[in-house]
Amino acid sequence: MAKQLLRLDRSGLVLLYIFLGTLREFGAGQIRYSVPEETDKGFFVGNISKDLGLEPWELAERRVRIVSRGKTQLFALHPRSGSLVTAGRIDREELCETRSACFLNMEILVEDTLKIYGVEVEITDINDNAPSFQEGEVEIKVGEHATPGSRFPLPNARDPDVGRNSLQGYQLNPNSYFSLQVGGRTDGAKNPELVLEGNLDREREAAHLLLLTASDGGDPIRQGTVPIRVVVLDVNDHVPKFTQPVYRASVPESLSSGSPVLMVNATDPDEGTNGEVVYSFRNTERKASEVFRLDPRTGEVSIQGPLDFEKYRFYEMEIQGQDGGGLWTTAKVLITVVDVNDNAPEITIMSSANSVLENSPPGTVIALLNVQDQDSGENGQVSCFIPNNLPFNLEKTYGNYYKLITNRALDREQVQSYNITVTATDRGSPRLSTQAQVSLNVADDNDNPPTFSHSSYSAYIPENNPRGASLFSVTALDWDSEENARVTYSLVQDTIQGAPLSSYISINSDTGVLYALCSFDYEQFRDLQLQVIAQDSGDPPLSSNMSLSIFVLDQNDNAPEILYPALPTDGSTGVELAPRSAEPGYLVTKVVAVDRDSGQNAWLSYRLLKASEPGLFAVGLHTGEVRTARALLDRDALKQSLVVAVQDHGQPPLSATVTLTVAVADSIPEVLADLGSLESPTNPNDSGLTLYLVVAVAAVSCVFLAFVIVLLALRLRRWHTSRLLQASGGGLVGVPASHFVGVDGVRAFLQTYSHEVSLTADSRQSHLIFPQPNYADTLISQESCEKSEPLLIVEDSVTGLGKCNPTSNQVSILL
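Residues numbered from 1 in each chain as written. Predicted model: local features only at pLDDT ≥ 70, side-chain atom pairs only at ≥ 80, totals over all residues. Heavy atoms only, no water.

Could you give an account of the overall build of the protein, naming the residues involved and the relevant values?
When helices and strands are tallied, the protein shows seven helices and 61 strands. Expressed as a percentage of contacts within the protein between residues at least 6 apart in sequence, the contacts between residues at least 24 apart total 65%. Within the structure as shown, the protein displays about 45,700 Å² of accessible surface, and the carbon and sulfur contribution to it stands at 52%. (Helix = DSSP H or I, 4+ residues; strand = E, 2+ residues; numbered from the N terminus. Contact = heavy atoms within 4.5 Å. Areas by Shrake-Rupley, 256 points an atom, 1.4 Å probe, with all protein chains shown as cover.)

Help me get a handle on the nonpolar core, residues and values and all.
One finds Ile505 and Phe520 to be the most contacted residues of the largest nonpolar core, which totals 30 residues. For this core, the secondary-structure elements that each account for two or more residues are strand 36 (456-462), strand 39 (487-491), strand 42 (505-507), strand 43 (513-516), strand 44 (527-536) and strand 45 (543-553). If we skip the residues at most four places from it in the chain, Ile505 touches Leu471, Leu491, Leu514, Tyr515, Ala516, Leu517, Phe520, Leu528, Leu530 and Ile550. Of all hydrophobic cores here, the second largest spans 25 residues; its members include Tyr247, Met317, Val333 and Val337. (Core = buried A, V, L, I, M, F, W, Y, C linked by side-chain atoms within 4.5 Å. Buried < 20%, exposed > 50% of the residue type's maximum accessible area, 1.4 Å probe, protein only.)

I'd like to hear about empty space enclosed by the protein, residue by residue, with values.
Scanning all chains against the criterion turns up one cavity of 30 Å³ or more. If you add up the space inside the largest cavity, you get close to 30 Å³. Tyr177, Leu200, Asp201, Arg204, Glu205 and His208 are the residues that line the largest cavity. (1 Å grid on protein atoms, 1.4 Å probe; cavity = no way out; pocket = protein on both sides within 12 Å on 5 of 7 lines; lining within 4 Å. Points joined across faces, edges and corners; volume = space filled by probe spheres on them.)

Pulling in residues and values, what's your account of the confidence of the model for the protein?
Taken as a whole, the protein shows an average pLDDT of 79; of its residues, 80% reach a score of 70 or greater. Long-range and interchain partners of residues 678-682, a stretch whose pLDDT sits below 50, account for two contacts in this model, where long-range means more than four residues apart. Contacts for the low-pLDDT stretch residues 806-815, under 50 throughout, to residues beyond four places or in other chains number 26 contacts. (pLDDT = per-residue confidence, 0-100.)

Run through the environment of Ile48, naming residues and quoting values.
Following the sequence through the fold, Ile48 ends up in helix 2 (residues 48-51). Spatially, the C-alpha atom of Ile48 lies 6.2 Å from that of Gly82, the residues being 34 residues apart in sequence.

With reference to specific residues and values, describe the packing of aromatic side chains.
In this description, a pair of aromatic rings is defined by centroid distance and the angle of the planes. Inspection of every chain in the model, using the stated rule, returns eight aromatic pairs. Where Phe242 meets Tyr279, the ring centres are 6.1 Å apart and the plane angle is 50°; that geometry is what we call tilted. A residue pair is termed long-range when its members are at least 10 positions apart, and Phe242 in strand 18 (residues 241-242) and Tyr279 in strand 22 (residues 278-282) qualify at 37 residues. For the pair formed by Phe242 and Tyr279, the shared burial category is buried. Taken together, the ring pairs in this structure connect Phe292, Tyr312 and Tyr315 into an aromatic cluster. (Phe/Tyr/Trp six-rings, centres within 6.5 Å; stacked < 30°, edge-to-face > 60°.)

How would you summarise unusual backbone geometry if you had to cite specific residues and measurements?
Residue Pro430 follows Ser429 across a cis peptide bond; omega there is 0°. By the secondary structure assignment, Pro430 is in the loop between strand 33 (417-426) and strand 34 (433-443). A positive phi angle, near 65°, is found at Asn464, a position not held by glycine. When you line up the elements, Asn464 lands in the loop between strand 36 and strand 37 (470-473). By relative accessible area, Asn464 is classed as buried at 18%. Its identity as a non-glycine residue notwithstanding, Gln497 has a phi of 55°, on the positive side. Position of Gln497 relative to the elements: it lies in the loop between strand 40 (495-496) and strand 41 (499-500). Relative accessible area serves as the criterion here: at 52%, Gln497 is assigned to the exposed category.

Laid out in structure tokens, this is it:
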């Protein structure tokens, strides 16, 4: 029945503790709970999710966890219910020993917001420990002449519980000689003493057996006992006496083992064994007896265990001096442990971000740090700082927590990563410090547009360039990284002479190389103005542009054109007059020529190539003026033929010639009369020469007719072949239709032919240029040859390919 009542009482007590655990106090940012000791694992402590303003399922999502500085985790978070529960057995006496109030502090970290909440859990005591005596048996020696009322100290019982569960009183079994009296100390402890009530007679009873019982106030009451044996001795009339009732000493916690602390001394005027004093600890706590050692003969107190100011700062011990006759006395020893700065601060990185986006606003949290120093006073006061040249600040948040934040926007293009050294220094002497490293990468943001080194560029290309030739290469730099730095190039759409820019120029979007899509002609346009855009691949994309001027360089591809004297259209021969009375330097005529090229390619020079009367006429080198070089004589022929050559200064130089007929006479009638007399042959050989010329012209005509017939036969054969290929669905399917042109139903690859002929009147020589066939994707190559036979005039209009000119060209062969 008693066991059932005990079980009901304990269950009611547990329910009471559960109710008390639900009561919370809010203040100074802390959450308070209470839980009884010795509960099972998983015991409910408090609804932490409700107190944090969260739902239970949010604990895992927001990465809520317990931050504990101890080695043993006493509490845990239940993910389903959102409750704080015990993680194992909790022993209040082990955690707080004799302290009346036992509080455990921990922190709850909400990692996604980097917020810290303080939690204080009070461990309430239950009566789980019975009072106990350190001694297994106590022996007291009393002289037989001891007077009634003499007091003899008894050992103290120890009960680790607190409050009503701690030691409440002592009881002594009834006897005729001794009684029990309990006295109180300043610290609240109770000292039992054995009081002699009557005279002792050793001869009647040499020893007395007693039983001392210590009881607590718990429910149920727990007790502890120790047997006491009182031995009656012969007379010893002097009690040992210490030199001072209280001995005090202060020792640094760094004192090594074996170092002396102090020495106690008690004297006894008795002789022999009754005067020999033996020292021993009395009513000393177990921890003090583990740290200090007492020499029983000399009374020296020395160190035998490590001192730790952070655990125990003060020791109170009672030393007993007893002579050989059993008389004894006591003295107190008070030892104060002085703190030494032997603990360096500890830095714990609770949470940190591996990277942060550049241009993040100031105040962005990088890491959450906890700084602790186990020392006390100034030795435990810690200051935390980082280098001043970094764009970060340390701000103190809750307790010993610091958050590392940015104090300005970061720029990845200047610094890509930071290795932040956090230093914690205490104020002890000497000062101790600890460093921790926080590594941070700066993530790229698309905040830099591609940039060109110059806002405008110039490029030069010679005319008649091949299609697909590389013109220029542009490069834009983007200081961002990865996709934000990948640059693509494009051209701003524009038109040139009515045609889109894309038909003239193209650009490689990846490399920025510009290519010519056609062959440029300096005589059509001399420069192109265009805009190049460089754009990155960021989100949103950034871009910049620059202007490019492409200048076409002239090449010597145009021969000089003679404007005067022009070739007569009626078949007659132009005649210039030179009076016989002309003085040297007389201006007969002037040859006028132009060159469509420019610069040095258009500089013209004139020279007399051939003259029927050498030395009679001279031609100005730069003016083209034909003047008399000497006075005309009667022996000079009436009709003078001059061949004047006009040449430019290009590389290679090109030229043209013109034949002038100069009549030496003072008037036109005189010229006609002289010409009539010249036409009547006086020499029979002239008629034979004319006959030879007629035969030669007829032969050349026959050869030309045969050439035309053969050409027509070849054309018909090609046309017939193309029809057969079309009927069989054959082999030109892969060739674009733009590469063919129809001529009388015949499809042939487009070829353009260009012939230049310079002829002179009344000359047996003609200047003829036969080029090779020029396909649409090849350059024109020219060859020059001299042809003495007359040629047939042929006109053919074809479409020009490969030139940047959409209109058709007239190609003529001049006879």
